Amino acid sequence: MEVKYASCFFCTSKGCALKVYVEADKVQRVTVDTGAPVVPGAFCVRPSLAKDYQHHPFRLSFPLKRRGPRGSNNWERISWDQALDEIAEKLADIRERYGAEALATSSGTGRGAAEFAKTRFMNLFGSPNRFGVITICYAPRAMVWFLTFGGHLVSDRKPGKTRMMILWGRNAHEGGPASWKSFLDAKKSGLRTMVVDPRCTEPARQADRWVQLRAGSDVALALGMIHVIIEEGLYHKEFVEKYASGFAALRERARAYTPERVARITWLSADTVREAARFYAANQPSNMVIGVSAEHGAPNGIQAVRAVNILRAIVGSIDVEGGDLITGPHPDFLPDAAVELNHMLPPEQRRKQLGSDRFRFMTYPGWELLEEQMRKKWGERHSAAVNLHSAAHAPTVFRAMITGKPYPVKALVVSCSNPLLSYSNTHLVYKALQSTDLLATFDLTWTPTALISDYVLPAACWMERPDMGNFASVGGYPLVQMGEAAVPARVAGEYERLNDYEFWRELGTRLGQADHWPWRTFEELWEHRLQGVMEKSGCKSFSEFMREKRWDVEPPRPGLCKEGPLATPSGKVEIYSSILEKLGYDPLPEYQEPNIPDDIKRKYPLLNISGVRVMPYHHSEFRHVPSFRKRQPDPMVEIHMDVARRKGINDGDWVYIETPLGRVKQRARLTTSFDPRYIVTQHSWWFPEMPAEGPSLHGLWESNINVTTDDDPDKCDPLSGGWPLKGAYMRCRIYKA
Ligand SMILES: Nc1nc2c(c(=O)[nH]1)N[C@H]1C(S)=C(S)[C@@H](COP(=O)(O)OP(=O)(O)OC[C@H]3O[C@@H](n4cnc5c(=O)[nH]c(N)nc54)[C@H](O)[C@@H]3O)O[C@H]1N2
Ligand SMILES: Nc1nc2c(c(=O)[nH]1)N[C@H]1C(S)=C(S)[C@@H](COP(=O)(O)OP(=O)(O)OC[C@H]3O[C@@H](n4cnc5c(=O)[nH]c(N)nc54)[C@H](O)[C@@H]3O)O[C@H]1N2
Ligand SMILES: [Mo]
């Protein structure tokens with residue numbers, strides 16, 4: 001048996017090192033490459049299930065063209081050449097008639113390892129309308145770090161130095177194998193632990209302190225803690241004086257956030273706010289992991305992430321040994337930003353990006369300011385990747401598809417994402433997708449989105465391509481860790497898949513972009529980007545690098561603030577964000593209470609924490625593989641015992657969850673682990689065993705919570721456009737099905 005070294009892309013972490021045992025082009029077994037810098041945490045079960053996934057008949061194998069009406073599940077097998085020629089021809093025609101901006105793409109969490117290639121294609125095509133879930137996933141946190149610190153933050157665990165670990169809205173036990181290991185290690189070595197979460201999760205249960213805040217109130221809690229820390233003189237005076245800008249303005253802003261006021265907003269007691277602040281300030285430096293939920297609390301998402309990061313800064317947790325360090329890009333590697341060809345998209349096309357007039361933070365206006373400050377510091381090898389830090393606003397794009405306003409969007413290419421499950425307001429998304437003249441989906445498996453497409457195109461998965469994890473690719477952590485193709489992507493008569501790089505290159509080549517795609521294969525492209533790293537390590541080719549090295553790490557170090565300047569406009573840690581000010585937003589965090597009409601409150605008395613992570617699924621994926629499914633066969637809604645009793649709901653009953661947008665059902669799991677005003681639902685559920693033909697589309701409408709969640713731009717985060725998935729807008733009611 002041959003051993004190949006691949007990087008796992010089964011989840012958004014992307015790039016855990018695995019060993020794939022191969023015989024006759026078939027995956028036999030997958031284990032962890034234990035010596036590598038980035039490996040899966042012990043409780044991640046996905047590698048052991050990889051073989052079942054790879055050989056499952058639900059995988060797409062050949063290009064298909066729709067025969068009957070959309071959703072009729074009637075397909076004709078065609079060649080790749082025919083598929084790409086026809087799609088290219090239609091795109092050229094649409095560009096001719098409506099302008100390049102009439103083409104949009106939908107992205108997920110970048111699991112094809114080639115978001116840069118999609119961006120390159122779109123820049124050359126001339127469309128600014130790449131949109132994706134990045135608006136609500138991780139990118140807001142990264143952007144806030146850039147604004148505030150000029151780089152990503154990573155934890156520096158140091159025995160004898162680090163004093164505490166905090167999980168802020170992060171359920172590492174289900175969603176983050178690496179953070180969970182880090183949390184358990186922290187406990188074992190006697191560090192203090194704190195969890196900020198409305199639910200008593202496994203980490204909350206095990207922590208020294210659980211702060212059970214109201215969902216969507218993180219910004220108020222953080223400002224309340226800042227208030228106490230400043231009033232009681234617990235902040236790091238040298239740090240805020242020498243290395244930060246805007247502390248005086250922060251002091252002024254925080255004055256209004258007394259523990260008593262914050263208690264009313266957060267459903268905590270004033271004493272809890274005070275004690276959390278003192279406990280946090282007394283145990284520095286610390287390591288903090290912030291989850292996605294704070295971002296999901298529109299309208300308070302971005303400002304919540306800002307407030308929590310400012311809190312970390314003023315206690316002296318940042319840029320010190322044992323705390324959280326600021327990182328820059330890898331010095332020898334070409335990050336995404338350097339291969340996206342962003343200068344090729346004309347300014348007048350940038351200005352057309354849908355949603356960029358209203359939500360300026362994560363669209364071109366925000367990205368341009370960010371890229372200016374990054375370029376000043378690092379030149380071409382900077383971290384402001386367009387694919388991660390600027391996207392069109394998905395809800396605005398969907399509305400343009402339906403109404404033709406402000407201009408028509410006629411074509412959508414979906415890759416690495418499953419829009420009918422991931423975005424909110426599924427009925428509207430469905431209508432939008434049905435309104436296009438061309439819908440092509442490039443995926444690993446069948447999905448409900450694929451079922452209503454005109455073309456369904458088979459993608460190579462991580463076992464079938466060379467790739468690299470997130471780290472240095474988007475200029476985050478300066479770590480390069482490569483994976484190689486373990487099995488071929490094309491086996492005559494069995495399957496013919498393209499990897500994501502090849503796909504965009506092939507499509508681009510057919511649209512007059514041939515000169516801009518000099519690297520014929522993914523491997524050649526990686527060789528180009530790795531040139532500096534390979535030279536340093538004396539390797540002449542990708543295969544030699546895979547044999548001899550596989551990774552290269554430039555560990556981040558403390559003391560960047562002192563060295564200065566940071567990659568922010570002022571060169572300091574920006575408590576007061578000059579970039580937000582330029583974009584016309586409040587440069588300091590502030591809490592906003594959403595205005596919910598009384599009749600809505602009466603009719604929909606419960607609050608839905610919509611979509612918490614569960615192992616082994618990744619959002620909508622893996623429901624079709626029995627070894628994954630048996631670990632979690634049904635969608636579950638957690639309901640407080642008191643509420644269930646009142647409504648006659650028993651453990652295991654199917655229950656409807658309803659909002660003005662629709663209803664779906666999930667199975668009740670009764671609990672007392674959160675406030676009775678909530679329910680907690682799972683997202684992105686569908687049932688591959690149900691009929692493929694519409695309207696079922698594999699049970700799309702049965703349990704998919706996003707049938708009930710709203711994406712109304714008026715309810716979105718005013719900075720990022722992130723739509724609410726947690727917090728005060730999430731009103732619903734439930735009843736036994
Ligand atoms: N209500 C609610 N909704 C949510 C959330 C929530 O908390 N609550 N969370 C949101 C968040 S944070 C996220 S990140 C999104 C996730 O949104 P998505 O990223 O759309 O979710 P996935 O289900 O992971 O879909 C990824 C798709 O890409 C395909 N894929 C995987 N690898 C590859 C590859 O290498 N190449 C290609 N071409 N395709 C590939 C998979 O088969 C799958 O169909 O969901 C969001 N939606
Ligand atoms: N198994 C699995 N792992 C995953 C994924 C997956 O689909 N499955 N998806 C990956 C992706 S793309 C992402 S974005 C990450 C997300 O990873 P996490 O951020 O850990 O995501 P969640 O589990 O949705 O939310 C974490 C916790 O936030 C709490 N919470 C809810 N509302 C609030 C709030 O307003 N404030 C605070 N402070 N807490 C709140 C929830 O109760 C939950 O326990 O997970 C990644 N890992
Ligand atoms: Mo995410």
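Calculation rules
Residues numbered from 1 in each chain as written. Chains lettered and ligands numbered in written order. Predicted model: local features only at pLDDT ≥ 70, side-chain atom pairs only at ≥ 80, totals over all residues. Heavy atoms only, no water. Helix = DSSP H or I, 4+ residues; strand = E, 2+ residues; numbered from the N terminus. Buried < 20%, exposed > 50% of the residue type's maximum accessible area, 1.4 Å probe, protein only. Domains from an automatic or database assignment. Buried area = accessible area lost by both parts, 1.4 Å probe. Salt bridge = Lys/Arg side-chain N within 4 Å of Asp/Glu carboxyl O. Near = heavy atom within 4 Å. Polar contact = N/O pair within 3.5 Å; in protein donor to acceptor, adjacent residues only side chain to side chain. Nonpolar A, V, L, I, M, F, W, Y, C, P; charged D, E, K, R; others polar. Areas by Shrake-Rupley, 256 points an atom, 1.4 Å probe, with all protein chains shown as cover. Contact = heavy atoms within 4.5 Å. Axes fitted to C-alpha atoms, helices over the stretch in contact; angles between N-to-C directions. Parallel < 35°, antiparallel > 145°, perpendicular 65-115°, else oblique. Left-handed = near helix turned anticlockwise from the far one by under 90°. Phe/Tyr/Trp six-rings, centres within 6.5 Å; stacked < 30°, edge-to-face > 60°. Lys NZ or Arg CZ within 6 Å of the ring centre and 35° of its normal. Pairing = 2+ DSSP bridges. Core = buried A, V, L, I, M, F, W, Y, C linked by side-chain atoms within 4.5 Å.

As for unusual backbone geometry
Along the chain, Lys405 connects to Pro406 via a cis peptide bond; the corresponding omega equals 0°. Relative to the helices and strands, Pro406 resides in the loop between helix H17 (394-403) and strand E15 (411-415). The omega torsion across Gly694 and Pro695 is 5°, close enough to zero to call that bond cis. With respect to the secondary-structure elements, Pro695 resides in the loop between strand E28 (678-681) and helix H30 (700-703). Of note in the backbone geometry, Arg550 takes a positive phi value of approximately 70° without being a glycine. Note on placement: Arg550 falls in the loop between helix H24 (542-548) and strand E22 (551-553). The backbone phi angle of His698 is positive, close to 55°, even though this residue is not glycine.

Brief notes about helix H3 (residues 115-125)
Across the 11 residues that make up H3, a large majority, 11, are buried. All of the buried residues along H3 are Glu115, Phe116, Ala117, Lys118, Thr119, Arg120, Phe121, Met122, Asn123, Leu124 and Phe125.

Notes on the domain arrangement of the chain
As assigned here, the chain comprises domain 1 (64-137 + 330-553), domain 2 (152-327) and domain 3 (598-736). Each of domain 2 and domain 3 has a C-alpha centre, and these two points are 28 Å apart. Buried surface at the junction of domain 2 and domain 3, both sides included, amounts to about 1,900 Å², of which 61% is carbon and sulfur. Per-residue buried area on domain 2 facing domain 3 is highest for Arg199, Trp267 and His296; these three make up 33% of the total on that side. Taken together, the connections running from domain 2 to domain 3 amount to 1 salt bridge. Arg199 is the partner of Glu638 in a salt bridge, and the nearest nitrogen-oxygen pair spans 3.3 Å.

A look at the site of ligand 1
Lining the immediate surroundings of ligand 1 are 33 residues, of which Ser422, Asp443, Arg465, Ser620 and Glu621 lie closest. Ser422 is positioned such that a nitrogen or oxygen atom in its side chain is 2.6 Å from an oxygen atom of ligand 1. A distance of 3.1 Å is found between a nitrogen atom of ligand 1 and a backbone nitrogen or oxygen belonging to Phe442. Of the residues in the shell around ligand 1, the class split is 10 nonpolar, 16 polar and 7 charged. Each of domain 1 (64-137 + 330-553) and domain 3 (598-736) accounts for three or more of the residues forming the shell around ligand 1.

Overview of the site of ligand 2
Taken together, 32 residues sit near ligand 2, with Arg170, Gly175, Asp197, Gly216 and Tyr617 positioned nearest. Contact between ligand 2 and Gly216: an oxygen atom at 2.7 Å from a main-chain N or O atom of the residue. Take His619: an N or O atom from its main chain is 2.8 Å from an oxygen atom of ligand 2. Bound to the protein, ligand 2 loses 98% of the 910 Å² it would expose on its own. Split by residue class, the shell around ligand 2 holds 12 nonpolar, 12 polar and 8 charged.

Things to note about the pattern of salt bridges
If you walk through the whole model with that rule in mind, you get 51 salt bridges. Note that Glu621 and Arg111 form a salt bridge whose closest N and O atoms lie 2.7 Å from each other. With Glu621 in the loop between strand E24 (606-610) and helix H28 (626-629) and Arg111 in the loop between strand E6 (103-107) and H3, this residue pair connects regions lying 510 residues apart in the sequence. Residue Asp552 is joined to Lys536 by a salt bridge in which the shortest nitrogen-to-oxygen separation is 2.9 Å. Remark: Lys536 occurs in helix H23 (residues 522-537) and Asp552 occurs in strand E22; sequence separation between them is 16 residues. Salt bridges sharing partners connect three or more residues here, namely Asp81, Asp85, Glu506 and Arg510.

Structural notes on the environment of Pro448
By the secondary structure assignment, Pro448 is in helix H20 (residues 448-451). Relative accessible area serves as the criterion here: at 0%, Pro448 is assigned to the buried category. For the pair formed by Pro448 and Leu700, sequence separation is 252 residues and the distance between their alpha carbons is 6.6 Å. Excluding residues that lie within four positions of it along the chain, Pro448 makes contacts with Asn418, Leu420, Leu421, Trp686, Leu697 and Leu700.

Overview of the packing of helix H8 (residues 218-231) against helix H11 (residues 259-266)
It is at 9 Å that the axes of H8 and H11 come closest, and there the two elements cross at 165°. The angle between H8 and H11 places the two elements in the roughly antiparallel class. Taken as a pair, H8 and H11 cross one another with a handedness that is left-handed. Residue-level inspection shows Ala220, Leu221, Gly224, His227 and Val228 of H8 in contact with H11, the latter providing Pro259, Val262, Ile265 and Thr266. In terms of residue class, the contact of H8 with H11 is made up of 6 nonpolar, 3 polar and no charged.

Remarks on the packing of aromatic side chains
Each aromatic ring pair is described using two quantities: the centre-to-centre distance and the angle formed by the ring planes. Under the definition given, this model contains 33 aromatic pairs. Note on Tyr138 and Trp145: the rings are 6.2 Å apart at their centroids and 75° apart in plane angle, and the pair reads as edge-to-face. According to the relative accessible area criterion, Tyr138 is partly exposed, its value standing at 24%. Residue classification places Trp145 among the buried residues on the basis of a relative accessible area of 9%. With centroids separated by 5.4 Å and ring planes inclined at 15°, the aromatic side chains of Tyr501 and Phe522 adopt a geometry described as stacked. Of this pair, Tyr501 sits in helix H22 (residues 500-509) while Phe522 sits in helix H23, and the two are 21 residues apart along the sequence. Like Phe522, Tyr501 is buried. Within the aromatic cluster, the residues linked to one another by ring pairs are Trp80, Phe121, Phe125, Phe442, Phe503 and Trp504. Over the ring of Trp517 we find Arg120; its NZ or CZ atom is 5.6 Å from the centre of that ring. Lying over the aromatic face of Phe9, Arg465 brings its terminal NZ or CZ to 4.8 Å of the ring centre.

A closer look at the sheet that holds strand E26 (residues 654-659)
Strand order around the closed barrel formed by 6 strands is E24-E28-E25-E27-E26-E29, with mixed pairing between neighbours. Neighbour to neighbour, the strand axes of the sheet diverge by 45° on average, direction disregarded.

Comments concerning the nonpolar core
Core analysis: the biggest nonpolar cluster contains 85 residues, and Trp168, Leu250, Tyr280, Ile314 and Phe361 have the highest contact counts within it. Counting contributing residues per domain, this core is built from domain 1 (64-137 + 330-553) and domain 2 (152-327), each supplying no fewer than three. The residues touching Trp168, leaving out its near neighbours within four places in the chain, are Val196, Asp218, Leu221, Ala222, Met225, Met288, Val289, Ile290, Gly291, Val308 and Leu311.

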